[in-house]
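Coordinate analysis (summary)
These are the residues of each chain, in order.
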Amino acid sequence: MVTDTNEPADRASTAQDARPLGLTLLSGAIAAAMVFPLSWLLVRAAEVDAARAFGIVFRARNFEITLNSLVLMGSVTVLSVLIAVPLAVLTVRTDLPYRRFWTVVVALPLALPSYIGAFAFVSVFRPRGVVQSWLEPFGVQELPSIYGLPGAIVIITLYTYPYVYITTRAALKGFDGSLVDAALTLEQSRWAAFRRVTLPQIQPAIAAGALLVALYAVSDFGTPAFLQAEVFTRQIYLEHRSLGGAHYAAFLSLQLVAITLLILSVESRIRGNEPLYTDSASSGTGSRIRLGRWKWPATMACGLLGFVTLVLPVLIYAHWLFTVQTTRAETFAFSPIHALNSVGVSAVAAVVAAALALPVAYLAARHPNRLSWAFERVTYVGFAVPGIVIGLALVFFGANYGTFSVGGYSLGDTTLRTVELSVYQSIPILVFAYVVRFMPQAVGATRTSVLQVNPKLTEAAATLGKEPISAFRSVTLPLIAPGVVAGAALVFLTTMKELPATLLLRPTGFETLVTRIWAAESAAVYGQAAIPALILIVVSGCSMVIILKQEDYDG
Amino acid sequence: MAESVHTQSRRTQTDETNEDAILELAEVRKRFGNETAVADSTLTVYEGELLTLLGPSGCGKTTTLRLIAGLERPDTGVVRIDGEAVAGDGTFVPPQGRDVGVVFQNFALFPHLTAAENVAFGLDDWNAVERERRVDELLELVGLSEYADSKPRELSGGQQQRVALARSLAPEPEILLLDEPFSNLDVDLRVEMREEVRRILKQAGVTGVSVTHDQEEALSISDRVAVMANGRIEQVGTPQEVFQHPRSRFVAGFLGDASFVPGYVTGDIVETPLGRIGRDRLYGLAPEYDYTRIDVLVRPDDVLAQATDTANADGRITYRRYLGPTVLYRVELDSGETVGAMHNHSDQLSLDTPVTVDLAAAHELAWFPTEN
């Protein structure tokens, strides 16, 4: 732990609230709730005796799956950095035409679940699919297979690089551009100035974004499932569905969690904990890089990326929408209830996550010590644990405590107003899974916004007679509100497209947009996925625009 | 170290029962890790005065201010406000219970509130009518009535400072603390705001404790100055006292350009390279210093250098800096010491000119026993 050697005046903590006991207890309780689901994986895995466990872990099949997962993760991360960092520089520091527009366009794929893209591409590029039928007259008998690991790497990269783009862009914007000008006046070339001045400053942001990409890549369930890539997430689902596969599924889950925890431990070493507020009112923007004759190629590159990730899937779904399918089955027909279900559970998850994130993030930002750091880290475990694993753990939990008495408790729904409430596959447990899974987004956004509030403001409030609670309400809360809302919006956005936990934990008959897409793929009735997918694209797009607006970008 | 051993008559520090004392620090100590920020400081501030803690950065002056505000907790010692212990003696009153206002270095205005809302912030328990009147009154006091609805980012640095001042004065604090209040302002504005802040404090009738590293600022606005170094209060007194009769060489040097010339005390006369000085001109030179060596403090404006021929010269000009209205010279004396001399800008002495040096000061001079 870094000890605070700043001047006393710059200390974040003040004398009267050096030990916020209540806040610490609350934060600890929230952290405990977040790790709770994981324990059931261990319970289930512990049922297996040592010899059999050894046999499960050290078989060739297991190595193959592990290797595939690591290759997927590594390739996606490297490709994402290579795409995102130049894009960030291009849209922040150059005179690229229509930068605001391109900023939204290149960030937007984040809003789209990668399996939406995977599904779209599979539906047309699969063997004997639409594209091949178009090309047949030209003598093309076979397309390169879209299935398998390479296809999954390309598609996941196209939809996850924005994690790096967004963190890098934020760092570039917060970075004092006059430093670059200073370097230029010291006879450094543009490239040298970037390498020696800009890059060291934005490196933590790139690393933070890359970490998110790595986590997402190894946790992604939908795309490997649709593309039949043999990685952990898909195998866990298959084992869970197969008879007697529960134990192997538990072991696969634990291996996957081990990998994600490793990523997090690397990340924690590179992440700084320094306050982000500045005492000076403004940071210079510096001069922009003139692209000159590279202006149009750069614009074309942004355009092409936007076309492939955004326009093409929309065109494909539109194509399916207007293509009459012969195998139309009523059971797959779309109903507005599906959309309402999606929005409803996502909104509840967003509000709950934002509320729980506040104490954890505030404590970690304002009272940096071992304990508050540990609590904050623990809430990130929910992010380290892929949705399929959280889903599985809660399934194990539900199998043990399938029902319990909740006499008199009402959720405002007649079907739930029974004495025996089924926990396994209920809305509360589904929301709980979402909150555990996406809490870090709320914690991260809130923590950053707390760090941006100069602690002197809290001190000023205290000297003006405000009790700590009242000072928090009247000063800190209004100032961090945009961050808290942005965090909630992120949770909402990601919950909308969450697939694996939804599949495992939804109550029977509870259909959302994503479950309709899943069902359509399973039954190969691609046309039926068109409406849910298009709705998901529009809703996600709207949320993304809100988030970009939140961060007050002025081009 | 042992520079303050000689006896000089001083305005004695208060006895405990002083009726006018509004703030007392008694043996207050604060450490951060291994670093002692404030070492056994004792200080008394009187009702209605403006006292400035002056010292180089890292001397503990800001920590002292934060201890008074309740933003830090002292390790040992007692802080009393209006006779009541607010820290130490087994009690600790948090800032919100202290009746102490603070103007922060970066003003710490709430960015989401307008100027008027900032000023009203500490007036929660006033009724609406009185609150509004108080806000209007303070905005008028600081001359910002027409900016009531402006957000801090729409205001200039000087205006922000006025809002900060109005905000901290609004709840009628007993003591107002100002942490480097002018350091965030442009130089021109700084001088203007000094006068302005002093006027506002006096008009509001509040006791002020200010912190600065700028000696000119401290001397020009304060009723009394407390000079700090290494966590200790070296000397407390009126600006004239600390400037003319510094108790230590550090204080002498920190408050202005200081040169020391050696002297030898013989009866009614002190022999120095600048000639003989009457003993009565040395402030509080006690009999026990007879026939000992002392160092006499001379400031550039005390010294007059005049061109002469080599034979009669006391030294040579070795340095010359044109300051506009005045010219600062340094003269290396034949005895080896260097003294500064401040002349009117019309005087022209070039480098290496042989000069005689005379003491032109009419006031008493400060002195220190020579260190061995």
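Keep in mind that what you see is a predicted model, and the values were worked out from it rather than measured.

Okay, the overall build of chain B next. The number of helices and strands found in chain B is 8 helices and 21 strands. With respect to the principal axes defined by its C-alpha atoms, chain B has extents near 80 × 45 × 35 Å. Within chain B, buried positions represent 43% of all 372 residues. In chain B, once contacts between residues fewer than 6 apart in sequence are set aside, the share between residues at least 24 apart is 67%.

This part covers the overall build of chain A. A count of helices and strands for chain A gives 22 helices and 2 strands. Put simply, chain A has 555 residues, and 46% of those count as buried.

This part takes up the interface of chain A and chain B. Taken together, the 20 residues of chain A in the interface contact 26 residues of chain B. Elements represented by at least two residues in the side of chain A that touches chain B include exactly α18 (455-463) and α19 (468-496) of chain A. At 6 residues, α18(A) tops the list of elements feeding residues into the side of chain A that touches chain B. Across the side of chain A that touches chain B, the residue classes break down as 10 nonpolar, 5 polar and 5 charged.

This part is about the domain arrangement of chain A. Residues and elements named next belong to chain A. For chain A, the domain assignment lists domain 1 (38-323) and domain 2 (331-555). Facing the 45 residues of domain 1 at the interface are 42 residues of domain 2. Within the residue set of the side of domain 1 that touches domain 2, elements represented by two or more residues are α1 (21-46), α4 (99-107), α5 (114-125), α9 (190-219), α10 (222-227), α11 (232-241), α12 (246-270) and α13 (295-321). It is α12 that contributes the most residues to the side of domain 1 that touches domain 2, 8 residues altogether.

Residue and element names in this part refer to chain A. For helix α7 (residues 149-174), built from 26 residues, the straight-helix expectation of 38 Å at 1.5 Å per residue is met to within 8% by its first-to-last C-alpha distance of 37 Å. Its maximal kink placed at Leu-158, α7 deviates by approximately 45°, while the proline Pro-162 follows within four residues. Most of α7 is tucked away, with 19 of its 26 residues classed as buried.

Take the domain arrangement of chain B next. Interface extent is often summarised as the accessible area lost during association of the parts. Residue and element names in this part refer to chain B. Taken domain by domain, chain B consists of domain 1 (17-254) and domain 2 (259-369). Computed from C-alpha atoms alone, the centre-to-centre distance between domain 1 and domain 2 is 39 Å. Each partner contributes residues to the interface: domain 1 has 5 residues there, and domain 2 has 5 residues. For the side of domain 1 that touches domain 2, the class distribution of residues is 2 nonpolar, 2 polar and 1 charged.

Once that is clear, we can look at the pairing of strand β8 (residues 175-179) of chain B. All names here are of chain B. In terms of burial, β8 is largely enclosed, as 5 of its 5 residues are buried. Relative to β8, strand β7 (residues 100-103) runs parallel, the two sharing 4 bridges. Among the inter-strand pairings, Val-103 is bridged to a residue of β8, identified as Leu-178. Here β8 runs beside strand β9 (residues 207-212); their pairing, made up of 5 bridges, is parallel. Each residue of the ladder has a partner; that of Asp-179, found in β9, is Val-211. The parallel pair β8 and β9, bridged by helix α5 (residues 187-204), forms a crossover whose chirality is right-handed.

Residues and elements named next belong to chain B. The strand order across the open sheet formed by 5 strands is β14-β13-β12-β15-β21, and the pairing between neighbours is antiparallel. The open sheet has two free edges, formed respectively by β14 (275-278) and β21 (367-369), since each of these has just one partner strand. For this sheet, the mean inter-axis angle between neighbouring strands, taken without regard to orientation, is 35°. Here strand β12 (residues 259-266) pairs with strand β15 (residues 293-298) via 6 bridges, running antiparallel. If you follow Val-261 over to β15, its bridge partner there is Val-296.

As a further point, take the environment of A:Arg241. Tracing the chain through its elements places A:Arg241 in helix α11. With 263 residues separating them in the primary sequence, A:Arg241 and A:Leu504 have C-alpha atoms 9.9 Å apart.

The next subject is the environment of B:Asp179. Residue and element names in this part refer to chain B. With respect to the element layout, Asp-179 can be found in strand β8. Placed 116 residues apart in sequence, Asp-179 and Thr-63 show a C-alpha to C-alpha distance of 9.9 Å. Excluding anything up to four places from it in sequence, Asp-179 contacts Thr-62, Leu-65, Val-102, Val-103, Phe-104, Gln-105 and Val-211.

Right, let's get into the packing of α1(A) against helix α15 (residues 370-384) of chain A. Residue and element names in this part refer to chain A. Contact geometry of α1 with α15 gives a least axis separation of 8 Å together with a crossing angle of 30°. Here α15 runs roughly parallel to α1, going by the angle between their axes. For the pair α1 and α15, the crossing hand works out as left-handed. For the pair formed by α1 and α15, the contact residues are Thr-24, Ser-27, Gly-28, Ile-30, Ala-31, Met-34 and Val-35 on the first element and Leu-371, Ser-372, Phe-375, Val-378, Thr-379, Val-381 and Gly-382 on the second. Counted by class, the contact of α1 with α15 contains 8 nonpolar, 6 polar and no charged residues.

Below, the discussion takes up the packing of α7(A) against α9(A). When two helices pack together, you describe them by how their axes are tilted relative to each other and by the distance separating the axes. Residue and element names in this part refer to chain A. In contact at an axis separation of 8 Å, α7 and α9 are set at 155° when each is read in the N-to-C sense. Viewed along their axes, α7 and α9 adopt a mutual orientation that is roughly antiparallel. The hand of the α7/α9 crossing is right-handed. Of the residues in α9, those in contact with Ile-156, Thr-160, Tyr-161, Tyr-163, Val-164, Ile-166, Thr-167, Thr-168, Ala-170, Ala-171 and Leu-172 of α7 are Gln-201, Ile-202, Ala-205, Ile-206, Ala-208, Gly-209, Ala-210, Leu-212, Val-213, Tyr-216 and Ala-217. Looking at side-chain class alone, the contact of α7 with α9 contains 17 nonpolar, 5 polar and no charged residues.

Right, let's talk about the sheet that holds strand β16 (residues 303-307) of chain B for a bit. Residue and element names in this part refer to chain B. The 5 strands are arranged β16-β20-β17-β18-β19 in an open sheet whose pairing can be described as antiparallel. Two strands close off the open sheet at either side, each with one partner strand: β16 and β19 (338-344). Averaged over neighbouring strand pairs, the angle between their axes works out to 40° when direction is ignored. Here β16 runs beside strand β20 (residues 354-359); their pairing, made up of 5 bridges, is antiparallel.

Cut-offs applied
Residues numbered from 1 in each chain as written. Chains lettered and ligands numbered in written order. Predicted model: local features only at pLDDT ≥ 70, side-chain atom pairs only at ≥ 80, totals over all residues. Helix = DSSP H or I, 4+ residues; strand = E, 2+ residues; numbered from the N terminus. Buried ≥ 20, exposed ≤ 12 C-beta atoms within 10 Å, placed from the backbone. Contact = placed C-beta atoms within 7 Å. Nonpolar A, V, L, I, M, F, W, Y, C, P; charged D, E, K, R; others polar. Domains from an automatic or database assignment. Expected span 1.5 Å × (residues − 1). Bend = angle between axes of the 7 residues up to and from the residue. Pairing = 2+ DSSP bridges. Right-handed = clockwise from strand over helix to strand, strands pointing away. Axes fitted to C-alpha atoms, helices over the stretch in contact; angles between N-to-C directions. Parallel < 35°, antiparallel > 145°, perpendicular 65-115°, else oblique. Left-handed = near helix turned anticlockwise from the far one by under 90°.

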